[in-house]
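Below, each chain spelled out in residue letters.
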Amino acid sequence: MIWKGLGLITNTESPIVVVLSGSMEPAFYRGDLLFLTNPSNQRYQTGDITVYKVPGADIPIVHRVLETHDLVSDKRGVVAAAPLAQQQLLLTKGDNNHIDDIELYQGLEWLERKHIVGKVRGFLPYVGYVTIAMNDFPQLKYALLGGLGLLALIQRE
């Protein structure tokens, strides 16, 4: 319930994410916990750090906006427009990567606003490493759950 409420306030499906790779080093390291918002009335700017998901990929990607293009639809199709345009296209790149993310877009030429999960507003270093450790070492997850279950049984009055 709290997660859904936080998602409504921040206008994002996932207001908190964990950095899973080193592609954004030195800005963010593996295990950093990121806090996101996705304000619908603000445009993304070059340099903003975003989290996006492309169709067919389950894992969100944290990368910096490299280019933005504002477009508006008219009778002739889609044309370049002012910053208050209806549609915005984005190109991203990890700070620690040598090339942009076009290969990660799975056939898309640009990211659209619908692919963006949110913009990074803050972070806590290494706090999310617990999540990574539990995924990398399933035995740790089961040991922790077993320990909590045993503790609950022992603490009963």
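Residues numbered from 1 in each chain as written. Predicted model: local features only at pLDDT ≥ 70, side-chain atom pairs only at ≥ 80, totals over all residues. Heavy atoms only, no water.

**A few points about the packing of helix 2 (residues 129-136) against helix 3 (residues 138-154)**
And then number 1: Running from amino to carboxyl end, helix 2 crosses helix 3 at an angle of 105°, the nearest separation of the two axes being 4 Å. On the basis of their axis angle, the class for helix 2 and helix 3 is roughly perpendicular. Note on element contacts: helix 3 touches helix 2 through Pro138, Leu140, Lys141 and Leu144, opposite Ala133, Met134, Asn135 and Asp136.
And then number 2: Partitioning the contact of helix 2 with helix 3 into residue classes produces 5 nonpolar, 1 polar and 2 charged. (Axes fitted to C-alpha atoms, helices over the stretch in contact; angles between N-to-C directions. Helix = DSSP H or I, 4+ residues; strand = E, 2+ residues; numbered from the N terminus. Parallel < 35°, antiparallel > 145°, perpendicular 65-115°, else oblique. Contact = heavy atoms within 4.5 Å. Nonpolar A, V, L, I, M, F, W, Y, C, P; charged D, E, K, R; others polar.)

**Concerning the nonpolar core**
And then number 1: Val17, Val19, Met24, Phe28, Leu34, Leu36, Ile49, Val51, Val62, Val117 and Val120 form the largest nonpolar core, which has 11 residues in total.
And then number 2: Residue assignment for this core shows that the elements contributing at least two residues are strand 2 (33-37), strand 3 (49-52) and strand 8 (116-124).
And then number 3: If we skip the residues at most four places from it in the chain, Leu36 touches Thr10, Thr12, Ser14, Pro15, Val17, Val51, Val117, Gly118, Lys119 and Val120.
And then number 4: Val65, Leu90, Tyr105 and Leu111 belong to the second-largest nonpolar core, a separate cluster that totals 10 residues. (Core = buried A, V, L, I, M, F, W, Y, C linked by side-chain atoms within 4.5 Å. Buried < 20%, exposed > 50% of the residue type's maximum accessible area, 1.4 Å probe, protein only.)

**A closer look at unusual backbone geometry**
And then number 1: Omega for the peptide link from Glu25 to Pro26 comes to 10°, which places this bond in the cis form.
And then number 2: Residue placement: Pro26 occurs in the loop between strand 1 (16-18) and strand 2.
And then number 3: Phi angles above zero are rare outside glycine, and Asn11 is one such case at about 60°.
And then number 4: Following the sequence through the fold, Asn11 ends up in the loop between helix 1 (2-10) and strand 1.
And then number 5: According to the relative accessible area criterion, Asn11 is partly exposed, its value standing at 41%.
And then number 6: Phi at Gln106 is positive, roughly 55°, even though this residue is not glycine.
And then number 7: Along the chain, the position of Gln106 falls in the loop between strand 6 (87-93) and strand 7 (111-112).
And then number 8: Its relative accessible area of 49% is what places Gln106 among the partly exposed residues.

**A short note on the environment of Leu140**
And then number 1: Relative to the helices and strands, Leu140 resides in helix 3.
And then number 2: Residue classification places Leu140 among the partly exposed positions, given a relative accessible area of 43%.
And then number 3: Considered as a pair, Leu140 and Val130 are 10 residues apart in the sequence and their alpha carbons are 9.9 Å apart.
And then number 4: Apart from the residues lying within four places of it in its own chain, the contact partners of Leu140 are Ala133 and Met134.

**Considerations on the domain arrangement of the protein chain**
And then number 1: For the protein chain, the assigned domains are domain 1 (2-126) and domain 2 (129-157).
And then number 2: A straight line from the C-alpha centre of domain 1 to that of domain 2 covers 33 Å.
And then number 3: On the side of domain 2, 4 residues touch domain 1, which itself brings 6 residues to the contact.
And then number 4: Between domain 1 and domain 2 lies a buried interface of about 420 Å² when both sides are counted; carbon and sulfur atoms form 58% of it. (Domains from an automatic or database assignment. Buried area = accessible area lost by both parts, 1.4 Å probe.)

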